[in-house]
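Now for the letters of each chain:
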Amino acid sequence: MADSLIGVHALVWVGDWGAESRRLATESTAAAGYGLIEIPAFAPKEIDVEGTRRDLAAAGLACSLSLGLDHGTDINSEDVSCVERGRDTLLDALRLAQDLGAIYLGGVIFGALDRYAAPTTPRARANSVSVIRELAQEAANAGIPIGLEFVNRYESNLLNTARQTLDFIEDVGSENLYVHADAYHMNIEETDYRTPILECGERLGYVHVGESHRGYLGSGTIDFPEFFGALREINYVGPITFESFSSSVVDENLSNRLAIWRNLWSDSSDLAIHARTFIEAGMAGSSR
Ligand code: MN
């Protein structure tokens, strides 16, 4: 299926979203042949709406928003004030998504994007379910799909697999809630790539393509023919975003929490063009 909108994470280009970085990121994304840019929205109120809209329009790009909560805004917590702060952040992010005309809002929005010292508890999980239910409902009214990105055990204690995410969505009970699958995290937690993607089926709403070391696609250990093959098998036509991180582009808010310590690449344009070509070939089913 060549129908998917192919995007790239802003951190391939820039570590912040100030005026200059914004322009560079949007222009470079379009020049590398992408139609979508994923903007990190960890501090949604700090993003310049007018400026971003202008730069997106000038580059002819759609945008998606992603974020992860932290331990101070964790809705997967028994601490009600923490849950309340997380709810506020998510509703701010939703307002930003509406203001920007974003096609998607997701990420580690069900809890903290960080290492936990203990497993989750039934009460903490119930708090998360309840806030996500409210967010998904509000977002449905705004026509914005919400995605839950399950991540590896060092970045969440709540959703580490597609199965857990499907169960969580079932508990929330919203039609506006989707699984967000990332090959990098699946590589750590799943038994294979095909089974979980087939289990998601139409509930799969967003895809991150990342290599096992988060560098150049095809230079790590991920079985991309199986991964793309599974996406083709379910006729996936949703957005696919390339995600890669290197210490050459640093956003302290994100790269430190993702443990990006090594320099895996330095030429963003070469990396991004290579990734787009790789994803297109993968989705077309041609060998690389
Ligand atoms: Mn991801």
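This text follows the structure it describes.
Residues numbered from 1 in each chain as written. Predicted model: local features only at pLDDT ≥ 70, side-chain atom pairs only at ≥ 80, totals over all residues. Heavy atoms only, no water.

Here we look at empty space enclosed by the protein
- Per the stated rule, a full pass over the model turns up 1 cavity of 30 Å³ or more.
- Of the volumes computed, that of the largest cavity is approximately 160 Å³.
- Around the largest cavity, the lining comprises 21 residues; the ones closest to its centre are Phe42, Leu113, Glu149, Glu243 and Leu254.
- Elements represented by at least two residues in the lining of the largest cavity include exactly strand S2 (36-40), strand S3 (62-69) and strand S4 (105-112).
- Per-element tally for the lining of the largest cavity: the top contributor is S3, with 3 residues.
- Split by residue class, the lining of the largest cavity holds 9 nonpolar, 6 polar and 6 charged. (1 Å grid on protein atoms, 1.4 Å probe; cavity = no way out; pocket = protein on both sides within 12 Å on 5 of 7 lines; lining within 4 Å. Points joined across faces, edges and corners; volume = space filled by probe spheres on them. Helix = DSSP H or I, 4+ residues; strand = E, 2+ residues; numbered from the N terminus. Nonpolar A, V, L, I, M, F, W, Y, C, P; charged D, E, K, R; others polar.)

Description of the side chain of Asn160
- For Asn160, the location among the structural elements is in the loop between strand S5 (146-149) and helix H5 (162-172).
- Judged by relative accessible area, Asn160 falls into the buried class, the value being 12%.
- Leaving out residues up to four positions away in the same chain, Asn160 has contacts with Phe150, Val151, Asn152, Arg153 and Glu189. (Buried < 20%, exposed > 50% of the residue type's maximum accessible area, 1.4 Å probe, protein only. Contact = heavy atoms within 4.5 Å.)

Topic: the sheet that holds strand S8 (residues 240-242)
- Strand order in the closed barrel made by the 8 strands is S1-S2-S3-S4-S5-S6-S7-S8, with parallel pairing throughout. Within this sheet the neighbouring strands show an average axis-to-axis angle of 30 degrees, counted without direction.
- Across 3 bridges, the pairing between strand S1 (residues 6-9) and S2 is parallel. When the sheet's bridge partners are listed, Val8 is paired in S2 with Ile37. (Pairing = 2+ DSSP bridges. Axes fitted to C-alpha atoms, helices over the stretch in contact; angles between N-to-C directions.)

Examining helix H1 (residues 19-31)
- Compared with an ideal rise of 1.5 Å per residue, which puts 13 residues at 18 Å, H1 spans 18 Å between its outermost C-alpha atoms and is within 8% of the ideal.
- Along H1, the residues that are buried comprise Ser21, Arg22, Ala25, Thr26, Ser28 and Thr29. Relative to the axis of H1, the buried residues are bounded by an arc of 170 degrees and lie together on one face. The exposed residues of H1 that point more than 90 degrees off its buried face are Glu20 and Ala31.
- One or two residues past the end of H1 sits Gly33, with phi positive at roughly 90 degrees. (Expected span 1.5 Å × (residues − 1). Arc of directions from axis to C-beta.)

A look at helix H4 (residues 122-142)
- End to end, H4 covers 30 Å across 21 residues, agreeing with the expected 30 Å (1.5 Å per residue, within 8%).
- All buried positions along H4 are accounted for by Ala124, Ser128, Val129, Val131, Ile132, Leu135, Ala136 and Ala139.
- Considering only its buried residues, H4 is in contact with helix H3 (80-100), S4, S5, H5 and strand S6 (177-182).
- One or two residues past the end of H4 sits Gly143, with phi positive at roughly 75 degrees.

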